[in-house]
Structure formats: structure tokens, C-alpha cells
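Okay, here's what each chain looks like letter by letter:
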Amino acid sequence: MPTAFPPAARLHRPSEYAAALKGRRIARGALFVVSGPREPAEGPARLGLVVPKRHAPLAVTRNAIKRVLREAFRLRRDALPDGDLVFRLVNRPPAASLTALKRQVRAEADILLARIAS
């Protein structure tokens, strides 16, 4: 399977997000909580992102966080179990350069996705 990130690999509807956010917490890190629906889903892994302005007030910061999370998910999508995953930013990232923030987000995303895949 190619490592593309097609629209079928994303959550689109508010009801899809609601089901995953009301479900169980799958993993937690310093910045993110990963949630999924309570009932097992069929089909390939799909990603949803929640990056609120409250925790990342600058649009460039929110976009960078989402871009890094999508890329980490895209590369590990085949190893992940079926179902929906929602990454939710729950803490404000520390004040740092954008490059340092991207590195921190990528490191945490890789750890959380590895935890989910195993």
C-alpha cells in the first residue's frame, strides 16, 4: 500500500469526531491525548486532529502541529490497528522556535503511535 494520505484516511464529519472523543483514551503524552471509539471499527485507520486556539493561539503554530501529526500518521498508518484515532492537543506547547516545536511534536507523535501499534 502506498504511503499516501487520501481523504478516506481522515475523519470528516462532526459525528465521527464525537464518537471518537466520547470513546476511550488510547494513549496520553505531554501535549496530546489520543482517543478512539469504544466499539471496534472496521476499515483502515483514520485520523482526526483537534488543535484549539486556546492552546496554540497562532495559526502558524496550529498548522505546523497538524502537518507534523499527519505526516507521522501517514508513515505508520499500515502498522496501526483499524479504527479512528483523534489526536487532541491538551496542553500549551512550551515557548520555542517553530523548528523545535515540530521536533517535539514529531517525537511525541512517534511515541504515541508506536504505543498504539503495539
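Cut-off values and rules
Residues numbered from 1 in each chain as written. Predicted model: local features only at pLDDT ≥ 70, side-chain atom pairs only at ≥ 80, totals over all residues. Heavy atoms only, no water. Helix = DSSP H or I, 4+ residues; strand = E, 2+ residues; numbered from the N terminus. Buried < 20%, exposed > 50% of the residue type's maximum accessible area, 1.4 Å probe, protein only. Lys, Arg positive; Asp, Glu negative; His and termini not counted. Salt bridge = Lys/Arg side-chain N within 4 Å of Asp/Glu carboxyl O. Polar contact = N/O pair within 3.5 Å; in protein donor to acceptor, adjacent residues only side chain to side chain. Contact = heavy atoms within 4.5 Å. Pairing = 2+ DSSP bridges. Expected span 1.5 Å × (residues − 1). Arc of directions from axis to C-beta. Axes fitted to C-alpha atoms, helices over the stretch in contact; angles between N-to-C directions. Left-handed = near helix turned anticlockwise from the far one by under 90°. Nonpolar A, V, L, I, M, F, W, Y, C, P; charged D, E, K, R; others polar.

Student: How should the side chain of E108 be read in this particular structure?
Tutor: With respect to the helices, strands and loops of the structure, E108 is situated in helix α3 (residues 98–117). Although buried, E108 forms no salt bridge, and the nearest oppositely charged side chain, R115, lies 7.8 Å from it. In terms of polar contacts, E108 uses its side chain to reach the backbone amide nitrogen of L31, at 2.9 Å. In this structure, E108 is in contact with G29, A30, L31 and F32, ignoring residues within four places of it in sequence.

Student: Would you mind showing me how to read the pairing of strand β2 (residues 32–36) here?
Tutor: Regular strands show a simple pattern: their side chains alternate between the two faces of the sheet. Counting buried positions along β2 yields five of five residues, so the element is predominantly enclosed. On β2, burial covers both faces: F32, V34 and G36 on one face and V33 and S35 on the other are all buried. In this antiparallel pair of consecutive strands, strand β1 (residues 24–28) and β2, the connection spans three residues. Summarising the sheet, β2 and strand β4 (residues 84–89) pair through four bridges and their orientation is antiparallel. Bridge assignment links F32 to a residue of β4, and that residue is L89.

Student: Please clarify how helix α2 (residues 59–76) should be interpreted in this entry.
Tutor: Every α-helix carries 3.6 residues per turn, so stepping three or four residues along brings you back to the same face. With 18 residues, α2 should reach 26 Å at 1.5 Å per residue; the first-to-last C-alpha distance of 26 Å fits that figure. Residues T61, R62, A64, I65, V68, L69, A72 and F73 constitute the buried set of α2. Along the axis of α2, the buried residues cluster in a sector spanning 165°; they form a single face. Buried residues along α2 sit against β2, β3 (46–50), β4 and α3.

Student: What is the right way to look at α3 in this model?
Tutor: Taking 1.5 Å of rise per residue, 20 residues should cover 28 Å, and α3 covers 28 Å from first to last C-alpha, within 8% of that figure. Within the sequence span of α3, burial applies to L101, V105, E108, A109, L112, L113 and I116. Taken end-on, α3 shows its buried residues confined to a sector of 135°, consistent with a single buried face. Taken together, the buried residues of α3 touch β1, β2, α2 and β4.

Student: Even after reading the chapter, I still don't get the sheet that holds β1, so can you show me in this structure?
Tutor: Consider a sheet: its strands pair through backbone hydrogen bonds, and that pairing is either parallel or antiparallel. With respect to topology, four strands assemble into an open sheet ordered β1-β2-β4-β3, the strand pairing being mixed. On the outer flanks of this sheet lie β1 and β3, each paired with one strand and no other. In this sheet, adjacent strand axes meet at a mean angle of 25° when their direction is disregarded. Each of β2, β3 and β4 touches α2; the most contacted strand, β3, lies at about 165° to it.

Student: What is the right way to look at the packing of α2 against α3 in this model?
Tutor: Between two packed helices, what matters for the description is the angle formed by their axes and the separation of those axes. Packing of α2 against α3 brings their axes to within 9 Å, and their N-to-C directions diverge by 35°. For the crossing formed where α2 meets α3, the hand is right-handed. Where α2 approaches α3, its residues V60, T61, A64, I65, R67, V68, L69, E71, A72, F73, L75 and R76 are matched on the opposing element by L98, L101, K102, V105, R106, A109, D110, L113 and A114. Each residue belonging to the contact of α2 with α3 can be placed in one class, and the counts come to 14 nonpolar, one polar and six charged.

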